[in-house]
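# Remarks on the overall topology
Letter by letter, the chains look like this.
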Amino acid sequence: MDHFLYKNGILHAEDVPLPEIAAAVGTPFYVYSTATLTRHFRLFDEALEGMPHLVCYAMKAASNQAILKTLAELGAGMDVVSGGEYARAVAAGVPGDRIVFSGVGKTREEMRAALTGGIRQFNVESEPEMRALSEVAVSLGVKAPITIRVNPDVDAETHAKIATGKSENKFGIPISRARAVYAEAAALPGIDVVGIDVHIGSQLTKLAPYRNAFLKVAELTDALRADGHDIRRLDLGGGLGIPYTRDNEAPPLPIEYGNLIKEILGDKGCEIEIEPGRLVVGNAGLLVSEVIYVKEGEDRRFLILDAAMNDLIRPAMYDAHHDIEPVVEPAPGTERIAYDIVGPVCESGDTFAKGRHMTPLSDGDLVAFRSAGAYGAVMSSEYNSRPLIPEVLVKGDQFAVIRERPSFDEMIKRDTIPQWL
Ligand code: LLP
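Cut-off values and rules
Residues numbered from 1 in each chain as written. Predicted model: local features only at pLDDT ≥ 70, side-chain atom pairs only at ≥ 80, totals over all residues. Heavy atoms only, no water. Helix = DSSP H or I, 4+ residues; strand = E, 2+ residues; numbered from the N terminus. Rg over C-alpha atoms; globule rule 2.2 N^0.38 Å. Buried < 20%, exposed > 50% of the residue type's maximum accessible area, 1.4 Å probe, protein only. Contact = heavy atoms within 4.5 Å. Lys, Arg positive; Asp, Glu negative; His and termini not counted. Charge placed at Lys NZ, Arg CZ, Asp CG, Glu CD. Pairing = 2+ DSSP bridges. Phe/Tyr/Trp six-rings, centres within 6.5 Å; stacked < 30°, edge-to-face > 60°. Axes fitted to C-alpha atoms, helices over the stretch in contact; angles between N-to-C directions. Parallel < 35°, antiparallel > 145°, perpendicular 65-115°, else oblique. Left-handed = near helix turned anticlockwise from the far one by under 90°. Nonpolar A, V, L, I, M, F, W, Y, C, P; charged D, E, K, R; others polar. Expected span 1.5 Å × (residues − 1). Arc of directions from axis to C-beta. Core = buried A, V, L, I, M, F, W, Y, C linked by side-chain atoms within 4.5 Å. Domains from an automatic or database assignment.

### Some thoughts on the overall build of the protein chain
From N to C terminus, the protein chain includes 12 helices and 21 strands. Relative to its length of 421 residues, the protein chain is compact, with a C-alpha radius of gyration of 23 Å against a globular reference of 22 Å. Each principal axis of the C-alpha distribution contributes one length, and for the protein chain these read about 70 × 60 × 40 Å. For the protein chain, buried positions account for 55% of its 421 residues. Long-range contacts, defined as pairs at least 24 residues apart, comprise 69% of the intrachain contacts of the protein chain with a sequence gap of at least 6. Here the protein chain contributes 43 positively and 60 negatively charged side chains, and the mean placements of these two sets differ by 3 Å.

### Re the sheet that holds strand β2 (residues 10-13)
Reading across the sheet, the three strands line up as β1-β2-β3 and stay open at both edges, with antiparallel pairing between neighbours. Single-partner strands in this sheet number two, and they are β1 (4-7) and β3 (16-17). Where β1 lies against β2, four bridges are found, and the strand directions are antiparallel. Following the sheet pairing, Phe4 is matched in β2 by Ala13.

### Comments concerning the packing of aromatic side chains
The final tally for this structure, using the stated rule, is seven aromatic pairs. Between Tyr210 and Phe214 the ring centres are 5.6 Å apart and the planes differ by 35°, which places this aromatic pair in the tilted class. Linking Tyr210 with Phe214, this pair stays in helix α8 (residues 208-226), spanning four residues, or about one helical turn. Assigned by exposure class, Tyr210 and Phe214 land together as buried. Ring geometry for Phe352 versus Phe369: centroids 4.7 Å apart, planes at 70°, classification edge-to-face. One end of the pair, Phe352, is in strand β18 (residues 351-358); the other, Phe369, is in strand β19 (residues 366-369), and 17 residues separate them in sequence. Through a chain of ring-to-ring contacts, three or more aromatic side chains come together here, namely Phe44, Tyr210, Phe214 and Tyr257.

### Here we look at the packing of helix α2 (residues 34-47) against helix α9 (residues 254-265)
Where α2 contacts α9, the two axes come as close as 8 Å, and the packing angle between them is 25°. By the angle class used here, α2 and α9 are roughly parallel. α2 and α9 meet at a crossing whose hand is right-handed. Contacts from Leu43, Phe44 and Ala47 of α2 reach α9 at Pro254, Ile255, Tyr257, Gly258 and Lys262. Residues belonging to the contact of α2 with α9 are distributed by class as follows: six nonpolar, one polar and one charged.

### As for α9
Relative to the 16 Å expected for 12 residues at 1.5 Å per residue, α9 spans 16 Å between its end C-alpha atoms, a close match to the ideal helical length. Within the sequence span of α9, burial applies to Pro254, Tyr257, Gly258, Leu260, Ile261, Ile264 and Leu265. Axial view of α9: buried residues confined to an arc of 155°, hence all on one face. Considering only its buried residues, α9 is in contact with α2, α8, β12 (233-235), β13 (271-274) and α10 (278-281).

### Focus: the nonpolar core
One finds Tyr57, Met78, Phe122, Ile146 and Phe214 to be the most contacted residues of the largest nonpolar core, which totals 100 residues. In terms of residue count, the dominant contributor to this core is α8 (seven residues). In this structure, this core is formed jointly by two domains, domain 1 (4-31 + 282-412) and domain 2 (33-280), each of which donates at least three residues. The contact partners of Tyr57, leaving out residues within four places of it in the chain, are Ala62, Ile67, Leu68, Leu71, Gly77, Met78, Asp79, Pro276, Gly277, Val280 and Val281. Counting residues in hydrophobic clusters, the runner-up holds 17 residues, among them Leu11, Leu18, Val327 and Ala368.

### Observations regarding α8
In this model α8 runs 28 Å from its N-terminal to its C-terminal C-alpha over 19 residues, within 8% of the 27 Å that 1.5 Å per residue would give. Three or more residues of α8 are buried, namely Pro209, Tyr210, Ala213, Phe214, Val217, Ala218, Leu220, Thr221, Ala223 and Leu224. Where the residues of α8 are buried, they touch β9 (144-151), α7 (178-187), β11 (191-197), β12 and α9.

Here it is, written out as C-alpha cells:
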C-alpha cells in the first residue's frame, strides 16, 4: 500500500497534486511520501515485535538526509556501506550505536572514521579485512565489535546482478570455513565477536531462500557457541522484494518474514537485526516526468520523456519493470495504445519500456514511474550533462525540496582547468 492515489482525476502524493510540485520544481523529479515511508518501516518493526531487534535501514536504497531523518526519528538504525554513507547517517542524527557497517571493501580510513565516531558493529566479509580492522582498532586503543558475514550458498532466485548468497558471489566467507575464521577472530587483539551476519540478495519474492539461509545460521549459531564464542546478535540482511506491477504475484509480507525469523531463530536468545532497503522506500517514491514529444517510427510509436536512464537506471541495468501512469487519470474505458517509452540520452539502452500499453498521451503530459523510491535517485548520474534531478518530500498537504537541481554553472564549476592549459 502507498499514498500515491488519484483524487479528483489527478495523481497525488498524499494530499499534494503532482502538477503542483511539477509547476514549482520543474520536471523530472523524485517525490517521496512520508506516510508510506513510515508505514513500511513500521511493518518491519512490528514484524519483529516480541524479540529484541533493530531495523537497520539499508540506506544505499535512498540516502537523502530528509529520508534518513524521517526514519531515524522512528527509531531506525542504519546499514551503511561506505564512509560517505556513514557520514550521512551521522549527519542525519543517527547515533553510532545504531549504525552497522557492511560491504566487501571497507578501507582502513573508513574503519577509523567509524571506530572514532561510534559504531554498533562491522559486518566483516573476509580475513584480510578482519586483520586490517583489528590493527586499526588496536592503533586507536579500542576493540571493534564484529559479526562475520557468512555466504550460505543458497539460491536467492532473483536477478543475477542482485543475488549475493551463492558461493560464486564475492560476498561473505564460505559458511564451511566459518568456524576457522571465527577462531582467528577471537584471537585477534582488536576484535570483539558479537554475532553472525548473512544477506543473500535483493528483490526476493519467496520465503524459501530465507528459510534455507536462516536454518544454516541457526546451525552455525549452535556450533560457534559450542566453540566458545558469545554469539549475541544475528544480522539477517535485507532483500525482501516489493510488487513492481499491480498484477504480479504478491511477494511475502514483512509479517510473514518476521514469523519465519521467529520460527527458526526465535529461541536463540539473540538480538535480531535486519537491513531492509527496497521495501522501506521503493513504493514510497515516484519519478515524475513530462512527455517532450510523441514520435511516430516506422512500426512503433515513441514516447520521448524528459527523464532518462541517467535519472533511473534500473530498466537499462536490470531489465526492471516500472509501472508508468499518466498523472491525469484517463476516463474509464479509454483505449490503450502501445508506446516505446524512452529518454533523450543518446543510447538505445535509454529505454524504459517497450510496447507498453498506455492511454494516449501528448506533449506536455505528466507521467509517474511507480516504485522508483529505491535505487532511483541514488543510482542517478549526470551522464549527457543532465543535472541530477530534484528530490521532494511530501507530508500531508506540505511538500519540500530535499535536494535541489544544480544549475549548469554549478555543474561546470566542479571541474577545474589546470594552470598549464
Ligand atoms: N544489506 C546488504 C548487505 C545489501 O547488500 C543490501 C542490498 C541490502 C541490505 C538491502 O537490500 P534490499 O532490502 O534493498 O533488497 N540496485 C539494485 C539493488 C542492489 C541491492 C544491493 N544490496 C536494484 O536496483 O535492484
